[in-house]
Amino acid sequence: VGGMPAVPGRTMYDKRNHMMRHMDHFRKLLLLEPRGYPCQNANFILPPVHPDAAFGYVIAEQNAVYPAMSGHNTICVATALLETGMVPMQEPITEFTIEAPAGLIGISARCEGGKAVEVTLKTTPAFCRPRDMDVVVDVPELGKVKLDIAYGGMHYAIVDAASVGLTIDPKRGRELCRFGEMIKVAAREQHPVQHPELDYPGCDILVFREAARRLDDGRLFARNTVIMSNNDLDWSRPETWTAMIDRSPCGTGTCAVMASLHARGELALGEDFVHESIVGSRFVGRLLEETSVGEGQERVAAVVPTITGRAWITQHCTVVVDPTDPFPEGCDIGDCCRSLRQHVALSPRH
């Protein structure tokens, strides 16, 4: 929330690109040992570019991943801005706009006793193109795997966990990571996709999901787990066939899954979708309206989603680097992070 130098760029997406290519040492400082841990993310709060935004932010994750948008990171950013007073809190509802690399994000936060107890974000359009549905890719050890590729802020490969013999169970975390990363990389190689407006190729992340069902109150419900890269997979080196699991229900993943469900006629506009993570936490998604992204032949039918969830501040701290510190960008041994190569130039999306 403070201490960052000026980041050049005409848009927040430009600033994201600059940080990714020229300022990655800040991400390493915060996310690698000894200051960070394997599944930690960072959000850099910046002055906004758009006049309607209270603040801008750049999202950074392990393995030099800089998402254009992240739902759970946005909920965390909104909570931190409100509960630290950077955005004045008004009870019972505080509404404001923040600027992600993907665009403006509308925030509506229910506030009680100085806390943001529920945050709803209206995010950028999500879509699942017909040509990206029921894609079949060949994956070593698994054979042919069927999946959808949908955009919800990142390009997601969406896979029925049961179709590859998996269940969304913490005890099967290693298998979920291994096979998830393998499927994602195979999809990126065999069925590459591109955003119609941004220079943002994919797919760059994967979500395993279970079959949707109706809760007693009639809402649609499904469990999921999102598999995130923490190294660069090399098919000739099986030790690199690994990844890490998102502990949250995943906001952009929920948006991508809703776009896929809507494209299949399984989720209507205005209908709640309860998405549960591998640890039991939940987000509630909803599709507000249909829209489109891109122009001409690249025009894509899309939907405008909202995500509702909650975050908690876990610490207030100042991160410092002593001039004599031998690890000013942290260190990565590869025993738990498995982040074997952390350099931006090696990331396939950059």
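Everything discussed here concerns the structure shown above.
What you see as residue numbers is a count from 1 along each chain, following the sequence as written. Under the rules for a predicted model, residues below a pLDDT of 70 receive no local features and side-chain atom pairs below 80 are neither given nor counted, while totals for whole chains, interfaces and linings still include all residues. Computation of side-chain values: all heavy atoms of the structure, hydrogens and water removed.

Chemist: So, the environment of Pro92: which residues are in play, and what are the values?
Modeler: Counting from the N terminus, the helices are the DSSP runs of H or I reaching at least four residues and the strands are the DSSP runs of E reaching at least two. Locating Pro92 in the fold gives a position in the loop between α3 (71-83) and β3 (93-100). A 1.4 Å probe rolled over the protein chains alone gives each residue an accessible area, and that area as a share of the maximum for its type sets the label: buried under 20%, exposed over 50%, partly exposed in between. Relative accessible area serves as the criterion here: at 55%, Pro92 is assigned to the exposed category. C-alpha of Pro92 to C-alpha of Glu112: the two residues are 20 residues apart in sequence and 6.3 Å apart in space. Only heavy atoms matter for contacts: two residues are in contact if any of them lie within 4.5 Å across the pair. Once you skip the residues sitting within four places of it in the chain, Pro92 turns out to touch Ala109, Arg110 and Cys111.

Chemist: Can you lay out α3 for me, pointing to particular residues and giving the numbers?
Modeler: Take the number of residues in a helix, subtract one, and multiply by 1.5 Å to get its expected span. In a regular helix each residue adds 1.5 Å, so 13 residues correspond to 18 Å; α3 covers 18 Å between its end C-alpha atoms and thus fits that length. Counting buried positions along α3 gives 10 out of 13 residues, so the element sits mostly inside the fold. Taken together, the buried positions of α3 are Gly71, His72, Asn73, Thr74, Ile75, Val77, Ala78, Thr79, Leu81 and Leu82.

Chemist: Mind laying out the side chain of Asn41, listing which residues take part and the relevant values?
Modeler: Among the secondary structure elements, Asn41 is positioned in the loop between α2 (24-31) and β1 (42-46). The term polar contact refers here to a pair of N or O atoms within 3.5 Å; inside protein, the definition further demands a hydrogen-donor-capable atom paired with an acceptor-capable atom, and it admits residues adjacent in sequence only when both atoms are side-chain atoms. A distance of 3.0 Å separates a polar atom in the side chain of Asn41 from a polar atom in the side chain of His72.

Chemist: So, the nonpolar core: which residues are in play, and what are the values?
Modeler: In terms of nonpolar packing, the biggest core is built from 60 residues, with Tyr57 and Tyr156 touching the most fellow members. If one sorts the elements of this core by residue count, helix α5 (residues 251-263) sits on top with six residues. Beyond its immediate sequence surroundings of up to four residues, Tyr156 is in contact with Asp148, Ile149, Ala150, Cys203, Ile205, Leu206, Val207, Val226, Cys250, Thr252, Gly253 and Ala256. Each nonpolar core is a collection of buried residues, namely Ala, Val, Leu, Ile, Met, Phe, Trp, Tyr and Cys, held together in the definition by side-chain atoms within 4.5 Å. In this structure, Val145, Ile168, Leu176 and Phe208 belong to the second largest nonpolar core, which totals 30 residues.

Chemist: Can you tell me about the environment of Met69, naming the residues and giving the values?
Modeler: Summarising the element assignment, Met69 is placed in the loop between β2 (55-60) and α3. For Met69 and Gly265, which are 196 residues apart along the polypeptide, the C-alpha to C-alpha distance reads 25 Å. Excluding residues that lie within four positions of it along the chain, Met69 makes contacts with Tyr57, Ile59, Thr74, Ala100, Ala102, Ile105, Leu121, Thr123, Gly153, Met154 and Thr252.

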